[in-house]
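# Coordinate analysis (summary)
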Amino acid sequence: MDIQAERLDLIAWLIEQDETILKKIKQLRKKSMAAATSPNRMTMEEYIVRIEESEKAIKEGRVISAEDLDEEMKNW
C-alpha cells in the first residue's frame, strides 16, 4: 500500500473512533512533536507507548524474522 493509500485508510479509521482514542492520539502527537525538538530523550510514557505498539504488532503478526529481513535488505 502506498503512503497516500495509508493516509486515507488512517483517516477513515480515525473518523470511526471515539473521543478517548482521539485524545490518546492527540497526546501521542504532542509527545512526538516535543521529541522532535529533543530527539535524544524519551519519556517513560513514550517508552510504554512504543512497547504497547510493539506488543500489538507481535499479536497481529506484523513481524519479520531476521533471516527474512536479511533477504529483503538485499533488494534495497
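Residues numbered from 1 in each chain as written. Predicted model: local features only at pLDDT ≥ 70, side-chain atom pairs only at ≥ 80, totals over all residues. Heavy atoms only, no water.

## What about the confidence of the model for the protein?
Applicable threshold: Confidence scores labelled pLDDT are given residue by residue by the predictor and lie between 0 and 100. Numbering of helices and strands runs from the N terminus, with a helix taken as a DSSP run of H or I at least four residues long and a strand as a DSSP run of E at least two residues long.
Averaged over every residue, the pLDDT of the protein is 88; the share at 70 or more is 91%. When mean pLDDT is compared element by element in the protein, helix H3 (residues 44-59) scores highest at 93, while helix H2 (residues 19-37) scores lowest at 85.

## Thoughts on a negative patch on the surface
Note the cut-off: Only residues whose relative accessible area exceeds 30% and that take part in no salt bridge are eligible for patches, with like-charged residues grouped when within 9 Å of each other and nonpolar side chains (Val, Leu, Ile, Met, Phe, Trp, Tyr) grouped when within 5 Å. Computed with a 1.4 Å probe, the accessible areas rest on the Shrake-Rupley method; for each residue, only the protein chains presented here act as cover. Counted as salt bridges are all cases of a side-chain nitrogen of Lys or Arg within 4 Å of a carboxyl oxygen of Asp or Glu. This count recognises Lys and Arg as positive and Asp and Glu as negative, with His and chain-terminal groups excluded. By convention, the charge on Lys lies at NZ, on Arg at CZ, on Asp at CG and on Glu at CD.
Judged by side-chain charge, Glu67, Asp68, Asp70 and Glu72 come together as a negatively charged surface patch. Tracing the chain through its elements places Glu67 in helix H4 (residues 66-73).

## Here's the deal with the pattern of salt bridges
Heads up, the rule is: The buried label applies to any residue whose accessible area, calculated with a 1.4 Å probe on protein chains only, is under 20% of its type's maximum; exposed applies above 50%, and partly exposed to all values in between.
A complete count under the given rule lists 4 salt bridges for this structure. For the salt bridge of Glu19 with Lys23, the shortest nitrogen-to-oxygen distance reads 3.3 Å. One end of the pair is Glu19 and the other is Lys23, both in helix H2 and 4 residues apart, which spans about a single turn. Residue Lys23 is classed as partly exposed on the basis of its relative accessible area of 48%. Taking the shortest distance from any N to any O, the salt bridge between Lys56 and Glu60 comes out at 3.9 Å. Look at Glu60 and you get partly exposed, because its relative accessible area is 46%. The structure contains a network of salt bridges with shared partners spanning Lys56, Glu60 and Arg62.

## Description of the environment of Glu16
For Glu16, the position within the fold is in the loop between helix H1 (3-15) and H2. For Glu16 and Met44, which are 28 residues apart along the polypeptide, the C-alpha to C-alpha distance reads 29 Å.

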